[in-house]
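Given next are the chains, with one letter for each unit.
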Amino acid sequence: MAKNYYDILGVDKKATSDDVKKAFRKLAQKHHPDKGGDEAKFKEITEAYSILSDDKKRREYDNYGQTFAGGGSQQGQGGGNPFGGFDFSGFGQGGVEFDLGDIFGGGFGDIFGGGGQRARRGRDISIDIEVSFKEAVLGGKREVLITKIGKCEVCKGDGAKPGTEMKTCETCNGAGKVHETRNSMLGAFSSVRTCPTCEGSGKIPSEACDNCKGRGVLKKQEEIKITVPAGIDGGEMIRMPGLGEAIKNGTSGDLYVKVHVKAHPVFKKDGLNLVMQAPLKLTDALLGTTISITTVDDKVLDVKVPAMTATEETLRLRNKGVHTERGTGDLLIRLTANLPKKLSNKAKKAIEELKAEGF
């Protein structure tokens, strides 16, 4: 079940950044493991704060929920400190030095972009596409050109000039992370973060790639092939793993495609069923008739319409709706009798005769 980060911090959805920070400070002091608090609860509130304290992630969370915002298993994707300079020194005991990575066995380090146990991950990105009603019902293929941070094709992402070797990073001595210690009135505070020089790999190129200048990634245009699944509804998201933005020495994020479906002049979609209106002349409604219908896949069906017993009825054509792996829907034809606006004298006489017979 998706987490409600606002409830976790006990703030309203309209809470300001200061309100979020104050709520986090209060809860963090209460649940910090060094003060005998609940470790799981502390990790939960820090996860909530990492999303709600970041304007971009908060907008994404408000629009798409926990998965898209980078909550849960994706919380480490940004690689930066989600606490915006929040000072943890007040949580320690006087004269005690502790490592946040040790407290949480690497999991907490992931929130800070370090920890070394989980691969660094690029940003998730999203795009919007518009498809026809026919494509949404039958499925289809799309190719779109997007601009994003991608892996350098020359150095394959390691930042080294082809043919040259990698060398051990002198900043972290190949560990991929660095320890930092700060002193406060309450004592020393130690933290672990990703090495800024090698970005966690422990190695740096002896000679930088000319194409990406050693960064391993660069902004470029890329053509993406999108498979639109049959039966998709407007507003649904297609997740394409690994097609988000790349990051050096890490895995790429995901691409989310929001689908907008154009309206159809005849058909509407109701789950797996297709629905259409079929107005009939009064005489056809009374006596029955045969009508021709062009389906979404451009096939022509001759449908026999029985004499109607009510002014509105629905015909159901089995298995003529949307075909998906989940099943197949029906085609629902809603029949309505159109009453004439004017009647000739002959028509009036005929209707009067019907009235006399009890119709």
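No experiment lies behind these values; they were computed from the predicted model shown.

Caption draft 1: The arrangement of helix 3 (residues 39-52) in detail. Across its 14 residues, helix 3 extends 20 Å between first and last C-alpha, which sits within 8% of the 20 Å expected from 1.5 Å per residue. Considered for burial, the residues of helix 3 that qualify are F42, I45, T46, E47, A48, Y49, S50, I51 and L52. A distance of 3.0 Å separates the backbone nitrogen of A40 from a side-chain oxygen at the start of helix 3, and that oxygen is part of D38.

Caption draft 2: Representation of the side chain of K148. Tracing the backbone through its elements, the reader meets K148 in strand 3 (residues 140-151). Side chain to side chain, K148 and E222 meet in a polar contact 3.4 Å long. Residues contacting K148, with those up to four places away along its chain left out, are I125, L218, K219, K220, E222, I224, L243, G244 and E245.

Caption draft 3: Spotlight on the packing of aromatic side chains. Going through the model one piece at a time under the given rule, you end up with 3 aromatic pairs. Between Y6 and Y61, the aromatic rings sit 6.0 Å apart at their centres with planes inclined by 40°, giving tilted as the arrangement. On the criterion of sequence distance, the pair formed by Y6 in helix 1 (residues 5-9) and Y61 in helix 4 (residues 55-64) is long-range, its members being 55 residues apart. Just as Y6 is buried, Y61 falls in that class too. Measuring from centroid to centroid gives 4.3 Å for F24 and Y49, while their planes differ by 15°, and the two rings are stacked. Placement of the pair is F24 in helix 2 (residues 17-31) and Y49 in helix 3, with a sequence separation of 25 residues. Ring-pair connections join several aromatic residues into one group, and the members of that group are Y5, Y6 and Y61.

Caption draft 4: Highlighting the confidence of the model for the protein chain. Per-residue pLDDT for the protein chain averages 82, and the proportion of residues at 70 or more is 82%. Element-level pLDDT for the protein chain is lowest in helix 6 (residues 100-103), with a mean of 39, against a maximum mean of 96 in helix 8 (residues 133-138). Per-residue pLDDT stays below 50 along residues 68-117; that stretch engages in 120 contacts with residues further than four places along the chain or on separate chains.

How each quantity is defined
- Residues numbered from 1 in each chain as written.
- Predicted model: local features only at pLDDT ≥ 70, side-chain atom pairs only at ≥ 80, totals over all residues.
- Heavy atoms only, no water.
- Helix = DSSP H or I, 4+ residues; strand = E, 2+ residues; numbered from the N terminus.
- Expected span 1.5 Å × (residues − 1).
- Buried < 20%, exposed > 50% of the residue type's maximum accessible area, 1.4 Å probe, protein only.
- Polar contact = N/O pair within 3.5 Å; in protein donor to acceptor, adjacent residues only side chain to side chain.
- Contact = heavy atoms within 4.5 Å.
- Phe/Tyr/Trp six-rings, centres within 6.5 Å; stacked < 30°, edge-to-face > 60°.
- pLDDT = per-residue confidence, 0-100.

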